[in-house]
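Spelled out from the first residue to the last, the chains are:
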Amino acid sequence: MTETGLSPQLRAQLDCIVARVSTALIGKQDRIRLALTALLAGGHVLLEDIPGVGKTTLANALARALGLHARRVQFTSDLLPADLIGASIFQPASGDFRFQPGPIFAEVLLADEINRASPKAQSALLESMEERQVSVDGTSHPLPDPFFVIATQNPVEQQGVYPLPESQLDRFLLRLSLGYPERTAERLMLAGGTTRPAAQALAPCMDAEGLRRLRATVRTVHAGPVVLDHLLDLLSASRLPGVFAQGLSPRAGLGWLEAARAWALLHGRLHVEPEDLRDLAPHVTGHRLHFADPSQMHGTRTAADWLLERVQAPD
């Protein structure tokens, strides 16, 4: 690696991941890069979208390209915390209890329709995301490293949902929407059939150890004083009285900076630029910032639009 750029080997690995996932999720390279950004930054992703646009494909293909084990859990109203994290099972032969891990013990977990589950089941997942471990009967069990959650959420206007409170939404680093494919991409899908076999057949570009090294590299990406001051200005603007229901938390700021480091790395740089923060603003703030007065929303104006207009990029 040089001071300003990545080594050819690292650049090739990152390009390989995006290219291979793109063969399964056609026409969504920007969303693939954003999901990879969250993973490299050690965060988690919340996907809010309609069914059938490729959420499961994204999770499976990303796991395959990284050589990781993926599992999917369908969140339903009757899901219990033990169904997710596991439970202690009595063993008649030995007369003691043995912990039986639940499906949460995966390197990549797709938590499908998280807001259809009860608040108790939601909390079991979200606590594990933060602590990277589960506690059963007073004993802590560490989760795999890496541990990456892609949770899907149904639009709040749909029936049978339990909206996630702000404190739990804050635990997701980025919120994304895959959206409908463009016409050319959808034509390719129609011509080639389902993309699921492509996702299952992907060869890995690296393994879990390689991903851990990549994450360590992200932490070395330099964020200079100009970048830090710009981030502080954005955070301060989000906390101005009367604009948003609540401002961005310190945890959001730390996550935003770490995501910017990963975003810079994906763009071939070992230093963060203010534009990296601004590129990520809609995905960092979309689930965290809500106007205190809805009348401030002019047309399609979002909280991120307001924030980026209020705080100009440094010269």
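Here the residue numbering is sequential within each chain, running from 1 through the sequence in written order. pLDDT decides what is reported in this predicted model: residues at 70 or higher carry local features, side-chain atom pairs at 80 or more are listed and counted, and totals for whole chains, interfaces and linings draw on all residues regardless. In computing side-chain values, all of the structure's heavy atoms are included and hydrogens and water are not.

Student: What exactly am I supposed to notice about helix α12 (residues 274-285) here?
Tutor: Given 3.6 residues per turn, any residue in an α-helix points the same way as the ones three and four places further on. Secondary structure elements follow DSSP: runs of H or I no shorter than four residues count as helices, runs of E no shorter than two count as strands, and numbering proceeds from the N terminus. Helix span, expected: 1.5 Å multiplied by one less than the number of residues in the helix. Taking 1.5 Å per residue, 12 residues should reach 16 Å; α12 reaches 16 Å between its end C-alpha atoms and fits that length. The elements touched by buried residues of α12 are α2 (29-40), β9 (174-176), α10 (225-238), α11 (250-266) and α13 (303-310). Every residue pair with non-hydrogen atoms within 4.5 Å of one another is taken to be in contact.

Student: When you look at the sheet that holds strand β2 (residues 70-74) in this model, what are you seeing that I'm missing?
Tutor: Whether parallel or antiparallel, the strands of a sheet pair through hydrogen bonds between backbone atoms. Spatially, the 5 strands line up as an open sheet ordered β2-β5-β8-β1-β9, and their pairing is parallel. Only two strands of the sheet have a single neighbouring strand rather than two, namely β2 and β9. Taking each pair of neighbouring strands and ignoring which way they run, the sheet shows an average axis angle of 20 degrees. For helices, the fitted axis covers only the stretch in contact; all axes are lines through C-alpha atoms, and the angles between them, taken along N-to-C directions, range from 0 to 180 degrees. Strands β1 (45-48), β8 (148-153) and β9 of the sheet are contacted by α2, whose axis makes an angle of about 160 degrees with β9. With respect to the sheet, helix α3 (residues 55-65) is in contact with β1, β2, β5 (108-112) and β8, its orientation differing from that of β5 by roughly 175 degrees. Strands pair, by our definition, only if DSSP identifies at least two bridges between them.

Student: Whenever I open this one, unusual backbone geometry confuses me. Can you help?
Tutor: What you tend to see is this: most non-glycine residues have negative phi, and most peptide bonds are trans. For the bond from Asp145 to Pro146, the omega torsion is 10 degrees, close enough to zero to count as cis. Inspection of the secondary structure assignment puts Pro146 in the loop between β7 (139-142) and β8. Of note in the backbone geometry, Glu113 takes a positive phi value of approximately 55 degrees without being a glycine. Mapped onto the fold, Glu113 is located in the loop between β5 and α5 (119-131). Positive phi is not limited to glycine here, since Arg132 has a value of about 60 degrees. The residue Arg132 is located in the loop between α5 and β6 (133-136) in this model.

Student: Help me understand the confidence of the model for the protein, please; the structure alone is not making it clear to me.
Tutor: Fine structural detail should not be taken from predicted coordinates in areas where pLDDT scores are low. pLDDT is a residue-level measure of predictor confidence that goes from 0 to 100. Residue-level pLDDT values for the protein average 88, and 92% of them are 70 or greater. For the protein, helix α8 (residues 196-200) is the element with the lowest average pLDDT, namely 64, and α10 is the one with the highest, namely 98.

Student: What am I meant to see in α10 here?
Tutor: The first and last C-alpha atoms of α10 sit 20 Å apart over 14 residues, in line with the 20 Å expected at 1.5 Å per residue. Each residue is assigned to one of three classes by its accessible area relative to the maximum for its type, calculated with a 1.4 Å probe on protein chains only: buried under 20%, partly exposed between the two thresholds, exposed over 50%. Those residues of α10 not exposed but buried are Val227, His230, Leu231, Leu234, Leu235, Ala237 and Ser238. When α10 is viewed along its axis, its buried side chains cluster within an angular range of 165 degrees and face the same direction. In this structure, the buried side of α10 is in contact with α11, α12 and α13. This arc describes the spread of directions from the helix axis toward the C-beta atoms.

Student: Even after reading the chapter, I still don't get the pairing of β5, so can you show me in this structure?
Tutor: A regular strand places its side chains on the two faces of the sheet in alternate fashion. Burial runs high along β5: 5 of the 5 residues are buried. Across the two faces of β5 the burial is the same, with Val108, Leu110 and Asp112 and Leu109 and Ala111 all buried. Strand direction decides the pairing type here: β2 and β5, joined by 5 bridges, are parallel. Of the residues in β5, the one forming a bridge with Arg72 is Leu110. Where β5 and β8 come together, 4 bridges link them in parallel fashion. For Val108, the partnering residue across the bridge sits in β8 and is Phe148.

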